[in-house]
Amino acid sequence: MMKRMLTAALATALMASAAYAQDETVTFGIVTAQTGPLAAPGKFQMNGFELAVEQINGAGGFQVGDTTYKLALQVYDTRCNAAEGASAMQRLVTVDQVPVVLGELCSPVAAAEGPIAQDFGVPLITTVPTAASLTEQDNPYYFRINANSNQLNAALAQYIQSIDGAPLSFIAWNNDAGRGGANGIQKLLGDNYEIGYVGFFNVGEVDFANHITNIRNAGSKSVMLLMDEEPGALAIRQIRDAGLEVQLVGTLAMGSNRFLDRLNAEYLGGMVQYSAFPPNAPIERIKTFSDAYKAKYGEESHGFAAQSYDGIFAAVEAMKAAGTTTDPEAIRDALSEISFDGVIGPIKFDETGQASPPVYITEWCDDGTRKIIAPADLAAECGAG
Amino acid sequence: MTTAIFEQFINGTMMGSIYVLMALGMVLIYGVMHVLNFAHGVLFMVGGYLAHLFFFNLTGSYPLAILGAMVSLALIGVLLERAVFRALRDNLRMQIVASLGLIMIIQNGVVQIWGPHALQMRPPPVEALVRIGQLSFTVQHFVIIGVVAVSVAALYLFLTRTRLGTAMRATSQHPEAAVVVGIDPNRVYTLTFMIASALAGLGGALLGPLFLIFPQMGDAPMLKALSAIIIGGMGSVPGAIVGGLGIGIVESLSTLVVPTDYRDTIVFGVLILMLLIRPWGIFGVRVRGEH
């Protein structure tokens, strides 16, 4: 009898201590692509989340009220598939009952996850998807850390107008990102800006010869490439191999050392691209993050990682401000009010849930480094982009 | 505009040459064995991967890498014919299903071995440029056109001037009669698959370095080659050549007047038109029941 009572007491004590330990750990839900064709950028995103968690927990956690909390992540691989994203989101808010969800890589998947966040009243903070429409759905539970396509395009259009680049041609993906980008930039440039040729290609196509002939035919002085790293490298090679002396303008996928590894500096010299995060910028917050990232992962830091890192801190700041780690409604209210200095810049969400971090224009130097040419107050020389 | 037409003509001839290689392989298999091998595109893709393997890991020489890819594909062709298609002989539907299944097996196998990301390979002919006026092409453009022209001539000589080639043509025309004169159909079928697969491998090894080597790289050329053999005439070797080159040039030149993303629409529009007005193709033979 005594033995049974002791066992019961021990079990109760163990359960109590487990519950106590559980109370001190907050679990954030994470949805992103970890396998499939977009596994590589998904990995950058996860690196940012994990670095933030490691730093927060390494510093002893964060305090909300009188309690100190450690962070944990419940990660679901959405493989950039809308159905899997919706299913993962549903599971996080119903089964795992997390107070906040972060992540997502692909805009269409984020579009499928947003309504679930709204239905269940759990904040969703995305850190990579750029489709402008995501924050235009009147969804009070949707927040976005990174600049959206309108913000990125505005910075780029401003730069294009400042150079003698007309007629401007486009080679763009035949999807929302490519068509939306090409149309958006043309709108921003206005009717008076001369457009040479606009060509679209399907994902998986690798032959750009037809576009190149049309670009030459149109007498284009600059070419905007709205595509990802892989086709981007191929298009640049083919444009240069065809002897076209045009100003190349690319996306943020074309401004990293990884991209340089695909092409030598000879192909890239003089090319400009918009960037949400120049990893070598001589800006203290960026330098600190890039050093920590390189120390942990042994490679140049990446914008997706920086944005995701800031996402974790935004959620933590909101919990501190809300005074709760469990009430999604209060955390949402706090998120809409917070203001803090992130790695990518000042983070403050507008009424649609969109933050407005700085957008940079970087240029490849002939020696394979990059420099920042816009915004003017952050301009920096080769080696700093 | 003349410059643009010339540039697109060269580009179209280069891509058309690749379609010719693919179409010839498919025509040989269809002509001799009456099998539409839909897995021909993945054999093309494997050719690209094997050329990459031979170039970077084994020889360091691009011509040897091409040769290695062709020999390997010839052996894979033998294996496929003996392990898959021989058992399904006389069952056209099952042969088609098997070839569709092979696409999935081989593509997933390649992803398992080399991963899902595209590979790059820049042998000397791809790095070197030829300048013609204000235009510039890689040497590889002309290597592709030249190698395909030589291969087509060699195949023609093989089919018309050698005993094995004659045996293949005889089997294609009348298998039973070929047996009567001492031809072993099994050997002919194996040889046919061997040559067709080697041609697909050659195509992948030639085109992969110019663009990228990735699991789906054979899909589009296979569809274009299929269109080429229908337009040229099912089973016709001259039809495959004219059809392949024609499709390459038409799709390239069409982009001068219609948006580039309608390029495939033009090609398949021509195909549909051909099926409506002359379903037996340019060089095909009208058979009873067709109109």
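All values derive from a computational prediction rather than experimental measurement.

Each helix and strand in chain B was counted, giving 12 helices and 2 strands. Reading the secondary structure of chain B in the N-to-C direction produces α-α-α-α-α-β-β-α-α-α-α-α-α-α. A compact globule built from 291 residues should have a C-alpha radius of gyration of about 19 Å, and chain B, at 19 Å, falls within 12% of that. Taken over the C-alpha atoms alone, chain B extends approximately 60 × 50 × 35 Å along its principal axes. By residue count, 54% of the 291 residues in chain B fall in the buried class.

Moving on, we get to the interface of chain A and chain B. If you look at the interface, chain A gives 27 residues, while chain B gives 29 residues. Between chain A and chain B the total buried area reaches about 2300 Å² when both faces are included, carbon and sulfur atoms providing 44% of it. Seen at the junction of chain A and chain B, the total is 4 salt bridges. Note that Glu205(A) is salt-bridged to Arg263(B), the shortest N-O span being 3.1 Å. Seen at the junction of chain A and chain B, the total is 11 residue pairs in polar contact (both at pLDDT 80 or more). Those elements giving two or more residues to the side of chain A that touches chain B turn out to be β8 (195-201), α7 (209-217) and α8 (229-241) of chain A. Examining the composition of the side of chain A that touches chain B, we find that 8 residues originate from one element, α7(A), more than from any other.

All names here are of chain B. The N-to-C vectors of helix α2 (residues 40-59) and helix α3 (residues 62-85) enclose an angle of 135 degrees; their axes lie 8 Å apart at closest approach. Between α2 and α3, the interaxial angle falls into the category oblique. Here α2 and α3 pass one another in a crossing that is right-handed. Where α2 abuts α3, its residues Leu-43, Val-46, Gly-47, Leu-50, Ala-51, Phe-54, Phe-55 and Thr-59 lie against Tyr-62, Leu-64, Ala-65, Gly-68, Ala-69, Ser-72, Leu-73, Ile-76 and Leu-80. Partitioning the contact of α2 with α3 into residue classes produces 13 nonpolar, 4 polar and no charged.

Our focus in this paragraph is the UniProt feature "transmembrane region" (unreviewed entry) in chain B. Residues and elements named next belong to chain B. Taking the UniProt record as the reference, the feature "transmembrane region" (unreviewed entry) is found at residues 62-80, 92-115, 135-159, 191-214, 226-250 and 262-283. End-to-end, the C-alpha atoms of residues 92-115 are 33 Å apart, and along that stretch the chain is 96% helix and 0% strand. The span residues 226-250 shows a helical share of 84% and a strand share of 0%, and its end C-alpha atoms are spaced 16 Å apart.

Take helix α2 (residues 39-58) of chain A next. The end-to-end C-alpha distance of α2(A) is 27 Å, a good match for the 28 Å that 20 residues give at a rise of 1.5 Å each. Phi turns positive, to about 100 degrees, at Gly60(A), one or two residues after α2(A).

Definitions and limits used
Residues numbered from 1 in each chain as written. Chains lettered and ligands numbered in written order. Predicted model: local features only at pLDDT ≥ 70, side-chain atom pairs only at ≥ 80, totals over all residues. Heavy atoms only, no water. Helix = DSSP H or I, 4+ residues; strand = E, 2+ residues; numbered from the N terminus. Rg over C-alpha atoms; globule rule 2.2 N^0.38 Å. Buried < 20%, exposed > 50% of the residue type's maximum accessible area, 1.4 Å probe, protein only. Contact = heavy atoms within 4.5 Å. Buried area = accessible area lost by both parts, 1.4 Å probe. Salt bridge = Lys/Arg side-chain N within 4 Å of Asp/Glu carboxyl O. Polar contact = N/O pair within 3.5 Å; in protein donor to acceptor, adjacent residues only side chain to side chain. Axes fitted to C-alpha atoms, helices over the stretch in contact; angles between N-to-C directions. Parallel < 35°, antiparallel > 145°, perpendicular 65-115°, else oblique. Left-handed = near helix turned anticlockwise from the far one by under 90°. Nonpolar A, V, L, I, M, F, W, Y, C, P; charged D, E, K, R; others polar. UniProt positions renumbered as here; feature names shortened; annotations may be inferred. Expected span 1.5 Å × (residues − 1).

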